[in-house]
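# Descriptive analysis of the structure
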Amino acid sequence: MTTAQTPELDVQPTPLALLLLGREADPKSERGVECPGDLPSPSDPDLVARARAAKEKLGDKVFVLGHHYQRDEVIQFADVTGDSFKLARDAAARPEAEYIVFCGVHFMAESADILTSADQKVVLPDLAAGCSMADMATAEQVAECWDVLTEAGVAEQVVPVSYMNSSADIKAFTGKHGGTICTSSNAKRALDWAFEQGEKVLFLPDQHLGRNTAVRDMGMSLDDCVVYNPHKPNGGLTAEELRSAKMILWRGHCSVHGRFSLDSVNDVRERIPGVNVLVHPECKHEVVAAADYVGSTEYIIKALEAAPAGSKWAIGTELNLVRRLANRFAPEGKEIVFLDKTVCFCSTMNRIDLPHLVWALESLAEGNLVNRIEVDKETEAFAKLALERMLALP
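The structure displayed is predicted, hence computed values, not measured ones. (Residues numbered from 1 in each chain as written. Predicted model: local features only at pLDDT ≥ 70, side-chain atom pairs only at ≥ 80, totals over all residues. Heavy atoms only, no water.)

### Some thoughts on the pattern of salt bridges
According to the stated counting rule, one finds 18 salt bridges in the structure shown. Between Asp 44 and Arg 50 there is a salt bridge, with its nearest N and O atoms 2.8 Å apart. A relative accessible area of 28% means that Arg 50 is categorised as partly exposed. A salt bridge links Asp 192 to Lys 188; the nearest nitrogen and oxygen atoms lie 2.9 Å apart. Placement of the pair is Asp 192 and Lys 188 together in helix α8 (residues 187-197), with a separation of 4 residues, close to one helical turn. We classify Lys 188 as partly exposed; its relative accessible area is 35%. (Salt bridge = Lys/Arg side-chain N within 4 Å of Asp/Glu carboxyl O. Buried < 20%, exposed > 50% of the residue type's maximum accessible area, 1.4 Å probe, protein only. Helix = DSSP H or I, 4+ residues; strand = E, 2+ residues; numbered from the N terminus.)

Below you can see the structure in the form of structure tokens.
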């Protein structure tokens, strides 16, 4: 008896298969990994001195912005620190600075370019510093969503509200369709305004901030909210569900804040009696509901500044910031811990490291413009319209 041999198949692996196998790279997602020229070695003991020398050589021509989630080695060279919108406004307030070096992520640098003058050039030290949340809503997906809303007969009732943590394309879509941008500090004001304009809100791209604001701050019910999943036909929703909903939440989230759980809250309360749990509104609804305090990054900082000596705090936000706050307030006897037992940095924010910053500053000091972030004029116009609506909120 003989065994039949299986004929060989002439199958060529697809680019996607090769990518998943680790044998190829996606050039779109790997932008900035290879910089023109050589990056300084991360072990170079002279990095701090080199960064300082390049910054001094540039003088008033450069303005360095540092987001709160950046590591300390980068923050030390920031002229100002803050959240994404504060930094973009700070950049716009420095028209004499020819170069804006944004130590943050891609959508933040886009916002800075939108708000600064045409003569100013925004630089992102590593172009691969993106944002997983912002990437969860593409222009094509949102356009398809609007078609679904149109077919369901509700588009005319819908006002888009987009979180600051979104791409310039999404901000432009929002401006074009009569909507506004919001931050985690003014989300309620933005939603109040939106419901004066229409009956429903399409909230992009973070479902948790939208849900928490609607339910916790505005008195809606969870039943008033539906989640649009761009990876399902019609967003996974029926026309009746869209007609009944007040809040149409995009299925997006922050990979850092989304990891905190109700178990995290319960565990820290058991470990640290009397602890105050303070979380960011990008956390899941059950986490926000179980916390003692909820607020934006700036709110978290101010709450700890005002906290009495000897108080205990568990913070649900990015670890670089929590560590910095713990060190800052330790001399005052304030105990500050990370809410979750598992360490969690914002991985894309951490792409901006000292070698990349040194490379960017030294390149600019030598007259070489690198890693410029530039939003096209049409996108900029509509995105700016949405941002200006936010600035005009009561």
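### Describing helix α16 (residues 377-391)
Helix length check: α16 (15 residues) gives 20 Å between terminal C-alpha atoms against 21 Å at 1.5 Å per residue, within 8%. Every buried residue belonging to α16 is among Thr 379, Glu 380, Ala 383, Ala 386, Leu 387 and Met 390, and all of these are buried. Summarising the axial view, the buried residues of α16 lie within an arc of 130°, below the 170-degree limit, and thus occupy one face. Along α16, the residues that are exposed and aim more than 90 degrees away from the buried face are Lys 377 and Glu 378. (Expected span 1.5 Å × (residues − 1). Arc of directions from axis to C-beta.)

### Digging into the sheet that holds strand β3 (residues 99-103)
Taken in spatial order, the 5 strands make up an open sheet running β2-β1-β3-β4-β14, and their pairing is mixed. In this open sheet, the two strands that pair with only one neighbour each are β2 (80-82) and β14 (372-373). (Pairing = 2+ DSSP bridges.)

### Concerning the sheet that holds strand β6 (residues 180-182)
Overall, parallel pairing links the 5 strands, which are arranged β6-β5-β7-β9-β8 in an open sheet. With partners counted over all chains shown, the strands left at the sheet margins are β6 and β8 (225-228), one partner each. Going from strand to strand, the sheet's axes swing by 25° on average, the running direction of each strand aside. (Axes fitted to C-alpha atoms, helices over the stretch in contact; angles between N-to-C directions.)

### Digging into helix α6 (residues 139-151)
For the α-helix, the turn length of 3.6 residues means that residues three or four positions removed from each other point alike. With 13 residues, α6 ought to run about 18 Å at 1.5 Å a step, and its terminal C-alpha atoms sit 19 Å apart, in line with that. Along α6, the residues that are buried comprise Gln 141, Val 142, Cys 145, Trp 146, Val 148 and Leu 149. Summarising the axial view, the buried residues of α6 lie within an arc of 155°, below the 170-degree limit, and thus occupy one face. Residues of α6 that are exposed and point over 90 degrees away from its buried face: Glu 140 and Glu 151. In the core, the buried residues of α6 are packed alongside β5 (158-163), α7 (168-176), β7 (200-204), β8, α10 (239-244) and β9 (247-250). In the stretch just after α6, Gly 153 is the one whose phi turns positive, near 80°. (Contact = heavy atoms within 4.5 Å.)

### Some thoughts on the packing of aromatic side chains
In this description, an aromatic ring pair is defined by two values, namely the gap between the centres and the angle between the planes. Going through the model one piece at a time under the given rule, you end up with 4 aromatic pairs. Each ring, one from Phe 260 and one from Phe 338, has its centre 5.5 Å from the other, and the planes form 65°; the classification is edge-to-face. With Phe 260 in the loop between β9 and α11 (262-271) and Phe 338 in strand β13 (residues 335-338), this residue pair connects regions lying 78 residues apart in the sequence. Judged by its relative accessible area of 0%, Phe 260 falls in the buried class. For Phe 338, a relative accessible area of 12% gives the class buried. Judged by centre distance (5.5 Å) and plane angle (40°), the ring pair of Tyr 293 and Trp 313 falls under tilted. (Phe/Tyr/Trp six-rings, centres within 6.5 Å; stacked < 30°, edge-to-face > 60°.)

### With respect to the state of the cysteines
In the structure shown here, the tally under the stated rule is 0 disulfides. Considering cysteine sulfurs only, Cys 225 is the nearest to Cys 145, which forms no disulfide, with 15 Å between them. Residue classification places Cys 145 among the buried positions, given a relative accessible area of 0%. Looking at the unpaired Cys 225, the closest cysteine sulfur is the one in Cys 182, lying at 14 Å. (Disulfide = S-S within 2.5 Å.)

### Regarding the pairing of β13
Side chains of β13 alternate between two faces, with Ile 336 and Phe 338 buried and Glu 335 and Val 337 left unburied. Judged from the 4 bridges that link them, strand β12 (residues 312-316) and β13 form a sheet pairing that is parallel. Counterpart to Ala 314 in the pairing with β13 is Val 337. Handedness of the β-α-β unit built from β12, helix α14 (residues 319-329) and β13 comes out right-handed. (Right-handed = clockwise from strand over helix to strand, strands pointing away.)

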